[in-house]
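Take a look at the letters that make up each chain.
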Amino acid sequence: MSGVTKKQSTTKNTFKLAVFSSKKWVSSSFNEVNDRYNFEISYFEPQLNNKTAPLTKGFDAVCIFVNDNVDSEVIDELKANGVKLIALRCAGFNNVDIARAKEVGIGVVRVPAYSPYAVAEHTLGLILALNRKLHRAYSRVRDGNFALDGLLGFDIHNKTIGIIGTGKIGEIFINLLQGFECRILAYDKFPNKELEAKGIKYVDLQTIYSQCDIISLHCPLTYETYHLINDYAIRSMKENVMIVNTSRGKLIDTSAVIEGLKTGKVGYLGLDVYEEEEALFFEDFTEKVIQDDQFVRLQTFPNVLITSHQAFFTKEAVHNISETTFTNIKAYLKTGESENLVLPVKTE
Ligand code: NAI
């Protein structure tokens, strides 16, 4: 099959690992770490889903990323193929049916924190670029257009910024924002005591929506947060609000945000994740026609800035992802335990 490369270990009876959604940066980082682990690794470029699941026969573990789709059907096939572990090389696990994996006895491990700084810093980058229209200024100046019309920004100083989700990334992002001397409002199902002690005010979602000039999403995708930013939420926001999402695409109802942009209610939109990104992100479409009309519509707005799920992508984060993934796999396959096991979330 095209798109498959194999890194053979010299040691016999070692663990066999199938890495899906593989890219050059993944295999080079994994191969470097594997010098110390000696796993037998096969790299597959395609995503793991119901079409590619047959490729997993004979592997001890599969390693996947944010856009692989490991639903119950795929899990049953993994089980039949002898796979014992699903190793996520990311923090979010919304793309794996965790309950089904537990039922059939397949472990799921993840990398809970590889560089929360990377994501928080990228979020800040999106906000600054959108506000001061750096994405537009860059092309203008390269074209010899030095006019300032249309590039007017605002001071972040004294503005109200709302953070939804104050876990590792949200907390670091709040710390970064302190330097701007802005007003910060936070919302989380489980408020962070350290942030409260530092004077960060927790409010309800309605207060975030009605008072914030900038709203940044840092909560996971769950059944509760799916389409958190919907038509109703957008209608309760301030005119010209800036919405930034570096968390998971499905937190935002794309149709609703497009309507908000058309009416001017949403003044700025910064996305590192997109609702239907599985079909687009991490691939090169320069020679192809993009079939996703909503995505193409988003790209037509001058006040929308999209990056393709790159917030995590720093040298430090990639190194940490590889190290933790290999540690997780070795620990689980040897002992059935790992400090980074993912357990089904109780919904009651
Ligand atoms: P975390 O687990 O440390 O923090 C998540 C926070 O969200 C927790 O404080 C939790 O209480 C809160 N939360 C859970 N349910 C909520 C709800 N219904 N409403 C409001 N808050 C809720 O996770 P971390 O490391 O801060 O990551 C946040 C998200 O960032 C991840 O879930 C992932 O989706 C995304 N992410 C994106 C990356 C990128 O490259 N764009 C890279 C890494 C993570």
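Calculation criteria
- Residues numbered from 1 in each chain as written.
- Predicted model: local features only at pLDDT ≥ 70, side-chain atom pairs only at ≥ 80, totals over all residues.
- Heavy atoms only, no water.
- Helix = DSSP H or I, 4+ residues; strand = E, 2+ residues; numbered from the N terminus.
- Buried < 20%, exposed > 50% of the residue type's maximum accessible area, 1.4 Å probe, protein only.
- Core = buried A, V, L, I, M, F, W, Y, C linked by side-chain atoms within 4.5 Å.
- Salt bridge = Lys/Arg side-chain N within 4 Å of Asp/Glu carboxyl O.

Looking at the environment of Thr324
Within the secondary structure, Thr324 is located in helix α12 (residues 315-335). For Thr324, a relative accessible area of 21% puts it in the partly exposed group. As for Thr324 and His157, which are separated by 167 residues in sequence, their C-alpha atoms are 38 Å apart.

A short note on the nonpolar core
One finds Ile164, Tyr209, Ile215, Ile229, Met237, Ile243 and Leu269 to be the most contacted residues of the largest nonpolar core, which totals 34 residues. Those elements that place two or more of their residues in this core are α8 (205-211), β10 (214-217), α9 (231-235), β11 (241-245), α10 (254-263), β12 (266-271) and α11 (293-300). In terms of residue count, α10 provides more of this core than any other element does, four residues in total. Ala53, Ile75, Ala101 and Ala311 belong to the second-largest nonpolar core, a separate cluster that totals 33 residues.

Quick word on the pattern of salt bridges
One pass over the full model with this rule turns up eleven salt bridges. Among the ionic pairs, Glu103 bridges to Arg100, the shortest N-O distance being 2.5 Å. Of the two residues, Glu103 and Arg100 are both situated in helix α3 (residues 98-104); the distance of three residues between them amounts to about one turn of the helix. The exposure class assigned to Glu103 is exposed, which follows from its relative accessible area of 58%. Close ionic contact of Glu239 with Lys265 constitutes a salt bridge, the shortest N to O distance being 3.5 Å. Of this pair, Glu239 sits in the loop between α9 and β11 while Lys265 is found in the loop between α10 and β12, placing the two residues 26 residues apart along the sequence. The network of salt bridges with common partners includes Asp76, Arg100 and Glu103.

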